[in-house]
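Below, each chain spelled out in residue letters.
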Amino acid sequence: MNLNYDNDNANLNNNNKNNARSVRCLRDSGPFSLYEELFLAYRDARRHKRNTVNQLRFEMDLERNLVELCRDLQNRTYEISPAACFVNEDPVKREIVAADFRDRVVHHLLYNWIAPIFERQFIHDSYSCRKGKGTLFGINRARGFAMSESDSFRRECFVLRLDISGFFMNIDRQILHSLVLAGLKKGRWRGVGDVELAKYLVQKIIFHDPLENARYKSPPAAWEGLPRNKSLRYSPPGKGLPIGNLTSQLFGNIYLNPLDHFVKRRLKIRHYGRYVDDMFFVSCDKERLKRVVDEVRSFLRDSLGLTLHPRKVYLQPLEHGFAFLGAYILPYRVYPGKRLVANYRDCLIHPVPDRVKQQGRVVSYMGTMRHYDAHRKVCLMLRDSHLIA
């Protein structure tokens with residue numbers, strides 16, 4: 001039984017603004033309640049979507065929407081709503097296929113169930129979409145690997161960087177489905193509230209055509225200049241995941257998890273890290289890194305149906321530095337990448353009308369710059385250009 005305390009009476013916990021227009025659920029009928037799990041997933045889904053049209057529409061009649069969604073999932077009549085498709089220009093041009101808020105709730109439900117299982121199966125140096133990790137963590141790990149392998153930059157060392165061509169658009173859904181189920185079976189489905197429902201959702205989400213009845217929010221001209229391997233419209237049949245969904249980020253990590261273990265266990269590369277499809281390897285053996293390129297290329301092709309980007313294979317001495325996750329790592333220092341500096345400058349040259357929002361943008365960029373060795377120089381340079389009041 002689920003009780004709604006958001007009725008005509010005053011909300012007893014009205015000190016928290018996040019309780020506005022919300023339902024408080026109490027579980028009193030056993031160890032598992034799908035309605036309660038959905039409510040928790042709803043809270044996660046709205047965390048960064050407050051005041052969006054879809055979120056507000058769902059929240060206006062929250063209890064009824066959750067009850068209907070719960071019933072659809074239990075009866076296996078759940079249907080995925082049309083997604084919003086558009087092209088995002090910042091920071092790089094890419095196609096985004098964003099799920100409806102109702103479907104985002106389901107994505108968070110599935111994520112909350114299965115992500116902890118795969119977290120125990122991922123290697124430590126997979127940085128994308130994982131709690132406690134991210135770009136800064138990845139940059140610091142890459143810097144630490146460089147120092148360790150080169151004995152604090154006292155001996156010659158090399159860095160290999162690889163990238164996968166059109167990664168999300170070329171993920172084989174059948175292979176992904178098999179990897180997900182195998183991983184969940186290996187983890188004995190620990191923590192999954194409803195195993196059969198989880199299987200149903202995994203298949204439903206993976207094999208759904210994200211462009212089916214999609215609502216296009218960008219004009220056709222927006223796709224001009226976007227490479228074909230960056231759009232789902234040109235993906236081969238049975239391949240491709242939409243960029244913009246929580247499940248796609250998790251599935252991307254699951255799909256490349258066999259590659260991570262191949263590199264660590266078979267190739268015995270100690271200093272290796274990956275953020276989505278951006279990989280780096282650090283070693284003092286240059287010839288070994290040359291062989292790694294062919295070995296990784298063969299594994300991706302034969303096991304996962306993926307291809308290394310032919311123009312994004314970089315093998316260079318560590319003393320020259322290397323780019324990774326928007327930073328440029330050199331011996332004894334890490335500089336912000338050119339794109340980050342350019343975006344910061346653009347933020348100052350073209351401020352948004354909302355003064356509070358603009359101040360938040362500037363503070364955010366300055367906070368990011370503090371993680372780099374050149375942040376003082378960059379800030380002073382921009383201040384001297386009279387771009388900051």
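All of these numbers come straight from a predicted model, not from anything done at the bench. (Residues numbered from 1 in each chain as written. Predicted model: local features only at pLDDT ≥ 70, side-chain atom pairs only at ≥ 80, totals over all residues. Heavy atoms only, no water.)

Draft legend 1. Geometry of the overall build of the protein chain. Secondary structure summary: the protein chain contains 12 helices and 10 strands in total. Counting the 389 residues in the protein chain, one finds 48% classified as buried. Of the contacts formed within the protein chain by residues at least 6 apart in sequence, a portion of 72% connects residues at least 24 apart. If you sum the accessible surface of the protein chain, you get close to 20600 Å²; carbon and sulfur atoms cover 50% of it. (Helix = DSSP H or I, 4+ residues; strand = E, 2+ residues; numbered from the N terminus. Buried < 20%, exposed > 50% of the residue type's maximum accessible area, 1.4 Å probe, protein only. Contact = heavy atoms within 4.5 Å. Areas by Shrake-Rupley, 256 points an atom, 1.4 Å probe, with all protein chains shown as cover.)

Draft legend 2. Representation of the pattern of salt bridges. Inspection of every chain in the model, using the stated rule, returns 16 salt bridges. A salt bridge links Glu 68 to Arg 64, with the nearest nitrogen and oxygen atoms 2.9 Å apart. With Glu 68 and Arg 64 both in helix α3 (residues 62-75) and 4 residues apart, this pair spans about one turn of that helix. Classification of Glu 68 as partly exposed rests on a relative accessible area of 27%. As a salt-bridge pair, Asp 373 and Arg 143 come within 3.6 Å of each other at their nearest N and O atoms. Taken together, the residues span a long stretch of sequence, with Asp 373 in the loop between α11 (355-369) and α12 (375-384) and Arg 143 in helix α5 (residues 135-149) at a distance of 230 residues. The class of Asp 373 is partly exposed, set by a relative accessible area of 43%. (Salt bridge = Lys/Arg side-chain N within 4 Å of Asp/Glu carboxyl O.)

Draft legend 3. Region of the structure containing the sheet that holds strand β7 (residues 314-317). A sheet is described by the order of its strands in space; here 4 strands give the open sequence β5-β6-β3-β7, paired in antiparallel fashion. Each edge of the sheet is formed by a strand with only one pairing partner; in this case those strands are β5 (272-275) and β7. Here the average twist between neighbouring strands, direction ignored, is 15°. Relative to β7, strand β3 (residues 158-163) is paired through 4 bridges, and the arrangement is antiparallel. Each bridged residue has a counterpart across the sheet, and for Leu 160 the counterpart in β7 is Leu 315. Contacting β5 and β6 (278-283), α5 runs over the sheet at an angle of about 20° to β6. This element, helix α8 (residues 246-266), spans β5 and β6 of the sheet and lies at about 170° to β5. (Pairing = 2+ DSSP bridges. Axes fitted to C-alpha atoms, helices over the stretch in contact; angles between N-to-C directions.)

Draft legend 4. Spatial organisation of the packing of aromatic side chains. Applying the stated criterion across every chain, the model contains 15 aromatic pairs. Centre to centre, the rings of Tyr 42 and Phe 101 are 6.2 Å apart; their planes meet at 85°, and the pair counts as edge-to-face. Taken as a pair, Tyr 42 in helix α1 (residues 34-45) and Phe 101 in helix α4 (residues 101-119) lie far apart in primary sequence, 59 residues in all. For Tyr 42, a relative accessible area of 0% corresponds to the buried category. Among the aromatic residues, those joined into a ring-pair cluster are Phe 39, Tyr 42, Phe 58 and Phe 101. Arg 76 extends its terminal NZ or CZ atom over the ring of Tyr 200, reaching a point 5.5 Å from the ring centre. (Phe/Tyr/Trp six-rings, centres within 6.5 Å; stacked < 30°, edge-to-face > 60°. Lys NZ or Arg CZ within 6 Å of the ring centre and 35° of its normal.)

Draft legend 5. Structural context of the environment of Ile 175. With respect to the secondary-structure elements, Ile 175 resides in helix α6 (residues 173-186). Separated by 130 residues in the primary sequence, Ile 175 and Gly 305 have C-alpha atoms spaced 8.9 Å apart. In contact with Ile 175, not counting residues within four places along its chain, are Tyr 255, Ser 303 and Leu 304.

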